[in-house]
Amino acid sequence: ESDGIENFISLIGGKLTTYRNLSEQATDLVYKKLNKEKIGCKTKLIPLLGCIKDSVKIFKNENCKKLSDRYKLDEDIVNHLIDVYGSQIFNLLNLINDNPDFGKLLSSHSLDIRAQVHYALKYELAFTVSDVLLRRLSLGLSEGLGEDSISYVAEQIKNYFNLTQEEIAKQI
């Protein structure tokens, strides 16, 4: 209403922790503009993907050592991956069964591993180097900005999507 465009709703910004609330407010506004009775929000009852239903501390105590031994990863790495992926860590680490090199560190500046790149491509719809480094791993925001992992990430994207060298070069 403030900019004179009728029936146009714009959502800008927000934080991951507030997206559900923001979405609920936006949906309520749409119902109001349509003169419809709003329905109760159900999403707050649905756990997020990777949600650990009980204590994260208990989950880590029960799984960290076992996963570290099974996949030959340092416990600090497994601990980090649980923090990032929650219960989805099992899907992530299963990628190492396909290729043991996926268990290698992606960068000298983080605890991220190569499997995370493949997980991002396969399950998170990442398509570009910046998608992977900035939005899936946040490695591009860490010390070194992920520069030591760019060539690996680019090569994996090139192979996964069957891109030409020219197409992948545009992303670097």
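A. Focus on the overall build of the chain. The number of helices and strands found in the chain is eight helices and zero strands. Each helix and strand of the chain, ordered N terminal to C terminal, gives the series α-α-α-α-α-α-α-α. A globule of 172 residues ought to have a C-alpha radius of gyration of about 16 Å, yet the chain, at 20 Å, is considerably larger. Reported as C-alpha extents along the three principal axes, the dimensions of the chain are approximately 60 × 45 × 30 Å. Per-residue burial for the chain yields a buried fraction of 32% across its 172 residues. Put simply, of all contacts in the chain between residues at least 6 apart along the chain, 45% involve residues at least 24 apart. As presented, the chain carries roughly 11,700 Å² of accessible surface, and 53% of it is formed by carbon and sulfur atoms. Each charge class in the chain was averaged separately, 22 positive and 24 negative side chains, and the resulting centres sit 6 Å apart.

B. Fine view of the pattern of salt bridges. Tallying each qualifying case throughout the model produces six salt bridges. Across the salt bridge formed by aspartate 83 and lysine 60, the nearest N and O atoms sit 2.5 Å from each other. Taken together, the residues span a long stretch of sequence, with aspartate 83 in helix α3 (residues 75-85) and lysine 60 in helix α2 (residues 56-71) at a distance of 23 residues. Residues lysine 104 and aspartate 101 are paired through a salt bridge, measuring 3.4 Å at the closest nitrogen-oxygen approach. Overall, lysine 104 belongs to the partly exposed group, its relative accessible area being 43%. What makes aspartate 101 partly exposed here is its relative accessible area of 35%.

C. Region of interest: helix α4 (residues 89-98). Residues of α4 that are buried: Ile89, Leu92, Leu93, Leu95 and Ile96. Relative to the axis of α4, the buried residues are bounded by an arc of 130 degrees and lie together on one face. At its buried positions, α4 is contacted by α2, α3 and α5 (114-123).

D. Main features of the environment of aspartate 131. Residue position: aspartate 131 is located in helix α6 (residues 129-136). In sequence terms aspartate 131 and serine 87 are 44 residues apart; their C-alpha atoms lie 22 Å from each other. If we skip the residues at most four places from it in the chain, aspartate 131 touches Leu125, Ala126 and Arg136. One polar contact links the side chain of aspartate 131 to the main-chain amide nitrogen of phenylalanine 127, over a distance of 2.9 Å.

E. Highlighting a nonpolar patch on the surface. Side chains of Ile9, Leu11, Leu29, Val30 and Leu34 sit close together on the surface and give an oily, nonpolar patch of about 410 Å² of accessible area. Looking at the element boundaries, valine 30 is found in helix α1 (residues 19-33).

F. Inspection of the nonpolar core at higher detail. Counting 36 residues, the largest nonpolar core has Leu93 and Val132 as the members making the most contacts within it. Secondary-structure elements contributing two or more residues to this core are α2, α3, α4, α5, α6 and α7 (150-161). In contact with valine 132, not counting residues within four places along its chain, are Val117, Ala120, Leu121, Ala126, Leu137, Ser138, Val153 and Ile157.

G. Structural view of the packing of α2 against α3. Between α2 and α3, whose axes approach to 9 Å, the crossing angle comes to 130 degrees. One finds that α2 runs oblique with respect to α3. In this structure, the crossing between α2 and α3 has a hand that is right-handed. Contacts between α2 and α3 pair Phe59, Lys60, Cys64, Lys65, Leu67 and Ser68 from the former with Glu75, Val78, Asn79, Ile82 and Asp83 from the latter. Per-class residue counts for the contact of α2 with α3 are five nonpolar, two polar and four charged.

H. Summary view of the environment of threonine 128. Mapped onto the elements of the fold, threonine 128 is located in the loop between α5 and α6. For the pair threonine 128 and glutamine 171, spaced 43 residues apart in sequence, the C-alpha to C-alpha distance is 6.7 Å. A polar atom in the side chain of threonine 128 sits 3.0 Å from the backbone nitrogen of aspartate 131.

Cut-offs and rules
Residues numbered from 1 in each chain as written. Predicted model: local features only at pLDDT ≥ 70, side-chain atom pairs only at ≥ 80, totals over all residues. Heavy atoms only, no water. Helix = DSSP H or I, 4+ residues; strand = E, 2+ residues; numbered from the N terminus. Rg over C-alpha atoms; globule rule 2.2 N^0.38 Å. Buried < 20%, exposed > 50% of the residue type's maximum accessible area, 1.4 Å probe, protein only. Contact = heavy atoms within 4.5 Å. Areas by Shrake-Rupley, 256 points an atom, 1.4 Å probe, with all protein chains shown as cover. Lys, Arg positive; Asp, Glu negative; His and termini not counted. Charge placed at Lys NZ, Arg CZ, Asp CG, Glu CD. Salt bridge = Lys/Arg side-chain N within 4 Å of Asp/Glu carboxyl O. Arc of directions from axis to C-beta. Polar contact = N/O pair within 3.5 Å; in protein donor to acceptor, adjacent residues only side chain to side chain. Patch = residues over 30% accessible without salt bridge, like charges linked within 9 Å, V, L, I, M, F, W, Y side chains within 5 Å. Core = buried A, V, L, I, M, F, W, Y, C linked by side-chain atoms within 4.5 Å. Axes fitted to C-alpha atoms, helices over the stretch in contact; angles between N-to-C directions. Parallel < 35°, antiparallel > 145°, perpendicular 65-115°, else oblique. Left-handed = near helix turned anticlockwise from the far one by under 90°. Nonpolar A, V, L, I, M, F, W, Y, C, P; charged D, E, K, R; others polar.

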